[in-house]
Amino acid sequence: MKIFKITLFFLAINNIFGLVQTNLQFNHEGKTEELKKHLNILGSDLFEGRGTGTEGGRLAAEYLSEEFAELGLSPLGSNGTFHQYIPMHGSYPKDESELILCNDDNNSNNANSLKLFEEYILLTGGDQTFTPTPLPLVFCGYGIIAPEFDYNDYQSVDVEGKIVVVLEGEPNSTDNNYFEAELPTIYSNAEAKKRLAISRGAAGIIIIPTLFYDPLFSWEQVIKNYSFESVSLAYSATSILSILFNPKYADLLFVNSSYSFDDVIDLHHSNSMSSFPLKRKLSFKGEFLQRDFVASNIIGLIEGKDDQLKDSYIVVSAHYDHLGIGPAVEADSIYNGVMDNAIGVAALLEIASSFNAGKIKPKRSIIFALFTGEEKGLLGSRYYVDHPPVPLYKTIANVNIDGIAVFDKFKSIVGIGAEFSTLSDFLKQTAAQNDLVISEIPNIFMSSEAFISSDQISFANVGVPSILIYEGLDYENLTKEEGIAQFIDYNNNYYHTPKDDLSFDINYEAAIQHVKILQDFILNLANSCEAPEWYENSPFINERLRSIAEKR
Amino acid sequence: MNKLIPFLLIVFIAGCASINNQVSTIRIKGSDTMLQLTEALAREYMRQNKDVSIYVEGGGSASGINSLINNEIDIATASRLLRADEAKSLAEYYGSIGLYYLIAKDALSIFVNENNSVKNLTMEQIKKIFTCEITNWKELGGKDKRIDGVIRNPNSGTYLYFKEHVLEGEEYCDSLLVLPTTAAIVEYVKNNENAIGYGGIGYGEESINATVEGIAPIEQNARNDTYPITRYLHLFTSRSPQGAVKNFIDWVLTPAGQAVIKEAGFIPLWENPN
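Starting from 1, residues in each chain are numbered consecutively following that chain's sequence as written. Each chain takes a letter, starting from A, and each ligand takes a number, starting from 1, following the order in which they are written. Per-residue local features of the predicted model are confined to residues with pLDDT of at least 70, and side-chain atom pairs are confined, for both listing and counting, to 80 or more; whole-chain, interface and lining totals are unaffected and use all residues.

**Section: the overall build of chain B**
Formally: Here a strand is any run of E in DSSP of at least two residues, a helix any run of H or I of at least four, and the numbering for each starts at the N terminus. With C-beta atoms placed from the backbone, the exposure class of a residue follows from how many other C-beta atoms lie within 10 Å of its own: 20 or more, buried; 12 or fewer, exposed; in between, partly exposed. Note on contacts: each residue gets a C-beta atom placed from the backbone, and two residues are in contact if those atoms are within 7 Å.
Secondary structure summary: chain B contains 10 helices and 11 strands in total. Across the 274 residues of chain B, 50% fall into the buried class. Considering only contacts in chain B between residues 6 or more positions apart, those separated by 24 or more positions represent 73%.

See below:
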């Protein structure tokens, strides 16, 4: 249900259907019971929230591997198994970690020792945070370099070997051609800010949330989000000390500077942001609990029946991991993740079962991939596209499932990412088959973030057209306002909390309707002679062309 | 959404290093600490892949990273992470901030001569020895002899790691003897009763390994971070690798590659998942 995160930061035809067998129909009898069965198992406390690299996560992987075998899928993992083993690294900061702010004259009398979690949170861990010598701070606006908008926060300041302090977010805009008007662009993403800082030679980055004037923002919620072990692949892009700073204490960074933090917020509101050196230095000596482990994606194949088309592949994916065990809420510390994303996995198993039931044989081959590490930064899908069991240029599309409809039966659908490729045509076809209309996500749900917030972006980044299909807000028994209220209630009270468990009220008719739509969409794709393509103006098209040219 | 394009060039590691699909030669350079290990990995990989030729060179982490930035090699080995200026150079030359791979863990042993009665040191004492605040073994309960400290050359990642993590950023004192390799340090300590040096546990011998804070530099203590001077060893590429380079790195992370790491005296990161 990543689409429904309210804030960006906290986080990321015509003739082509000629040969589609539109008369084929799936049998949906008994599906509710199957869906419930999988959900009750995956969402149970036995799996302890399916945290990446935990015993619960390992048990879930074993269960899913056995389910794939039961369904008759062919293994596509390591050594003839369904497991694609992924080396990972985990770290968690200890309280002994020491962050010191001092004036740039290094006078220890005005130094502040800051408290982890209360005053700051680490976005990175391990050796990359090691900053034993106090380094100067430089305020760099939003930390953005965006030549297409003629915008560069680093233009007038030297940050090499220094620590940059930036605001979360980006310039205010009502112009669609300037930072996408009110919608956040990718430049609002914390990882983007960090990598741009690294590219300018910065030794660290401090990000101050600006959402604190938003009634939905609370530092306590931020702490909860970062209360879990930080996990990365064994390989990562270069990183640096990255800190999220509690805005309540941000004045400490601006002591003796030409602007106070309040002044900077005024600059933010008046759209007159400026960059300038600060009069403070920062050192950090981190102590971490670190470990290295192997987690697994579960991957299986249904081979297509068409001699020519079966060597092309559709990846149907869902992440099976959730947060694991974390801070207790109302005496419950197991984050079961029933909506996020046990239900998506249950849907995928249902779809795989339908395709393998024998009556409907797709022409193209279908890979069913259950990813781990999604909650830790899309790790499983990133590893998959770096180590694909079949070449990416033969992979024609990714259909990702991350949450499905549970509130009410619906009359419209949304294709996240459909605007980038001809997958939109397949969506139209599927909608028509099911008497649905295609709608868009309301802006309050930050639609521009939806595409980058789950595993489909990993495929897009390597050139494979991808999509995430949700229900629209046109329900049979709920008004649009009631639908929005349900999503906001989910976001505020259930999302990434132990309350996302089996007590959640699920409308199984809606869930089965969603599963059927996904099946129809996948079948349309699998039986089409034409593979989907990126639109000419898509940012992902060049990577696709390279992948085809290099046959990788 | 064209706005994404310039951003992607830097933010997402676009894969086009080793573009030539015909590449069968891999050039690796860097950490002296990792030299024997990398040679062992290369040897075993070449045995299993007859069409791949791997050249391994030492010279220090900084030297390897510089060669990577200058596009002279495919993989740099380093016992430390990239410095800010090195990442900036990569971004300027390649539009990418580089990738690092964790391949093994290493504990830095403190070497003392086997006839030295001082067999355990605290982190504070080690720092004082190498900053010359403590200059006589008598101050540590040993003989009344001047401490003969020996260190790696400044181009070494081990030198920098030790300076940052043990000396806490302070400078080494000038009177220390500088030797070019860990093997040379081991040899020096074995032959000089008053000597003290440091190096990866892959190079040391049990008879000259001191305990630190009462903890021995052995695999189990390094794996669970109880031994205080523990670090990761890395491979670096300027961009997302492909072809032979990618296959080699992937192999290093498999149980077969990790077995070579263990055999070379370093600490593998992952047990066989099977």
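**Details of the overall build of chain A**
Where we set the bar: For this measure, only C-alpha atoms enter the radius of gyration; the expected value for a globule follows 2.2 Å times N^0.38, where N is the number of residues.
Assigned secondary structure in chain A consists of 13 helices and 23 strands. For 552 residues, the compact-globule estimate of 2.2 N^0.38 gives 24 Å, and the C-alpha radius of gyration of chain A, at 24 Å, lies within 12% of that figure. A principal-axis box enclosing the C-alpha atoms of chain A has dimensions of 75 × 50 × 50 Å. Looking at chain A as a whole, 54% of its 552 residues qualify as buried.

**Considerations on the packing of helix H8 (residues 423-433) of chain A against helix H12 (residues 508-527) of chain A**
All names here are of chain A. Note the cut-off: Between N-to-C directions, angles cover 0 to 180 degrees, with each direction set by a line fitted to C-alpha atoms, over the stretch in contact for helices. These descriptions rest on fixed angle ranges, namely under 35 degrees for roughly parallel, over 145 for roughly antiparallel, 65 to 115 for roughly perpendicular, and the rest for oblique. By definition, turning the near helix anticlockwise from the far helix through less than a right angle yields a left-handed crossing, and turning it clockwise yields a right-handed one. Three classes are used, and their members are as follows: Ala, Val, Leu, Ile, Met, Phe, Trp, Tyr, Cys and Pro are nonpolar, Asp, Glu, Lys and Arg are charged, and the others, Gly among them, are polar.
Closest axis-to-axis distance for the H8/H12 pair is 9 Å, and the angle between their directions is 130°. In terms of orientation, H8 lies oblique with respect to H12. Crossing geometry of H8 relative to H12 is assigned as right-handed. Facing Phe-426, Leu-427, Gln-429, Thr-430 and Gln-433 of H8, the residues of H12 in contact are Ile-517, Asp-520, Phe-521, Asn-524 and Leu-525. Considering only residue class, the contact of H8 with H12 consists of 5 nonpolar, 4 polar and 1 charged.

**Some details on the interface of chain B and chain A**
Put simply, the test is: When DSSP finds two or more bridges between a pair of strands, those strands are recorded as paired.
In this assembly, 38 residues from chain B lie in contact with 40 residues from chain A. Of all the secondary-structure elements, those providing two or more residues to the side of chain B that touches chain A are helix H1 (4-11), helix H4 (84-94) and strand S4 (99-112) of chain B. By residue number, the principal contributor to the side of chain B that touches chain A is H1(B), which donates 7 residues. Here the residues of the side of chain B that touches chain A are counted per class, giving 25 nonpolar, 6 polar and 7 charged. Pairing of strand S12 (residues 235-237) of chain A with S4(B), which is carried by 3 bridges, proceeds in the antiparallel orientation. Bridge pairing in S4(B) places A:Ser236 opposite B:Tyr100.

**Some details on unusual backbone geometry**
All names here are of chain A. Here Asp-340 and Asn-341 are connected by a cis peptide whose omega angle stands at 10°. Tracing the chain through its elements places Asn-341 in helix H6 (residues 338-355). Although it is not a glycine, Phe-117 adopts a positive phi angle of roughly 80°. Within the element layout of this structure, Phe-117 appears in the loop between strand S4 (112-114) and strand S5 (120-122).

**Some words on the nonpolar core**
All names here are of chain A. Put simply, the rule is: Joined through C-beta atoms within 7 Å, a set of buried Ala, Val, Leu, Ile, Met, Phe, Trp, Tyr and Cys residues constitutes a nonpolar core.
Formed by 226 residues in total, the largest nonpolar core has its most connected members in Val-165, Ile-314, Leu-348 and Ile-522. Considering each element in turn, this core owes the most residues, 12 residues, to H6. Among all residues touching Ile-522, those that are not within four sequence positions of it are Ile-314, Val-316, Ile-351, Ile-366 and Val-399.

**So, the pairing of strand S3 (residues 75-78) of chain B**
Residues and elements named next belong to chain B. Residues Ile-75 and Thr-77 point to one face of S3 and Ala-76 and Ala-78 to the other, with burial holding for every one of them. Alignment of strand S1 (residues 25-30) against S3, held across 3 bridges, turns out to be parallel. What sits directly across from Ile-28, in S3, is Ile-75. Alignment of S3 against strand S10 (residues 230-237), held across 3 bridges, turns out to be antiparallel. The partner of Thr-77 across the bridge, within S10, is Leu-235.

**Examining the sheet that holds strand S3 (residues 98-103) of chain A**
Residues and elements named next belong to chain A. With mixed pairing, the 8 strands of this open sheet are ordered in space as S4-S3-S14-S6-S9-S10-S13-S5. For this open sheet the edge positions go to S4 and S5, each flanked by a neighbour on one side alone. Shown here is a sheet whose adjacent strand axes are inclined to one another by a mean of 30°, direction ignored. Packed onto the sheet, helix H3 (residues 190-199) meets strand S9 (163-167), strand S10 (204-208) and strand S13 (241-245) and runs at close to 145° relative to S10.

**Focus: the confidence of the model for chain B**
All names here are of chain B. Applied cut-off: pLDDT expresses, on a scale from 0 to 100, how confident the predictor is about each individual residue.
Per-residue confidence for chain B gives a mean pLDDT of 87, with 90% of residues at or over 70. Between residues 1-21, whose pLDDT stays under 50, and residues either more than four places distant or in other chains, the model counts 53 contacts. In the predicted assembly, ipTM is 0.82 and pTM is 0.87.

**Some words on the environment of A:Gly126**
All names here are of chain A. On the secondary structure map, Gly-126 appears in the loop between S5 and strand S6 (131-140). In the structure, Gly-126 is positioned 115 residues away from Leu-241 in sequence and 9.1 Å away in space, judged by C-alpha atoms. Once you skip the residues sitting within four places of it in the chain, Gly-126 turns out to touch Ser-91, Phe-288 and Gln-290.

**Some remarks on the pairing of S10(B)**
All names here are of chain B. By the criterion of burial, S10 is predominantly enclosed, with 8 of the 8 residues buried. Of the two faces of S10, the one lined by Thr-230, Tyr-232, His-234 and Phe-236 and the one lined by Arg-231, Leu-233, Leu-235 and Thr-237 are each fully buried. Pairing of S4 with S10 involves 8 bridges; the strand directions are antiparallel. From the neighbouring strand, Leu-99 faces S10, where its bridge partner is Thr-237.

**Describing H8(A)**
Residues and elements named next belong to chain A. Within H8, burial applies to Leu-423, Phe-426, Leu-427, Gln-429, Thr-430 and Ala-431. The secondary structure elements touched by the buried residues of H8 are strand S20 (395-401), strand S21 (412-416), strand S22 (437-438), strand S23 (466-471) and H12. Trailing H8 by a residue or two, Asp-435 shows a phi angle of about 55°, which is positive.

**Focus: the environment of A:Ile416**
Residues and elements named next belong to chain A. Structurally, the position occupied by Ile-416 is in strand S21. For Ile-416, a count of 26 C-beta atoms within 10 Å translates into the label buried. On a C-alpha basis, the gap between Ile-416 and Ile-265 in space is 33 Å, while along the polypeptide they are 151 residues apart.

**Some details on the packing of H6(A) against H12(A)**
All names here are of chain A. Running from N to C, H6 and H12 point in directions that differ by 50°, and their axes come no closer than 10 Å. Here H12 runs oblique to H6, going by the angle between their axes. Seen along the crossing, H6 lies across H12 with a hand that is right-handed. Facing Ile-343, Ala-347, Glu-350, Ile-351 and Ser-354 of H6, the residues of H12 in contact are Ala-511, His-514, Val-515, Leu-518, Gln-519 and Ile-522. A per-class count over the contact of H6 with H12 returns 7 nonpolar, 3 polar and 1 charged.

**Focus: helix H2 (residues 55-70) of chain A**
Residue and element names in this part refer to chain A. Note the cut-off: Take the number of residues in a helix, subtract one, and multiply by 1.5 Å to get its expected span.
With 16 residues, H2 extends 23 Å between its outermost C-alpha atoms, agreeing within 8% with the 22 Å of an ideal straight helix rising 1.5 Å per residue. Listed in full, the buried residues belonging to H2 are Gly-56, Gly-57, Arg-58, Ala-60, Ala-61, Leu-64, Ser-65, Glu-67 and Phe-68. The secondary structure elements touched by the buried residues of H2 are helix H1 (31-42), strand S2 (83-93), strand S15 (288-302), strand S17 (324-329), H6 and strand S19 (365-371).

**Observations concerning the environment of B:Ile208**
With respect to the helices, strands and loops of the structure, B:Ile208 is situated in the loop between strand S8 (195-200) and strand S9 (209-212). Excluding residues within four positions of it along the chain, B:Ile208 makes contact with B:Phe111, B:Val112, B:Asn113, B:Glu114, B:Val189 and B:Lys190.

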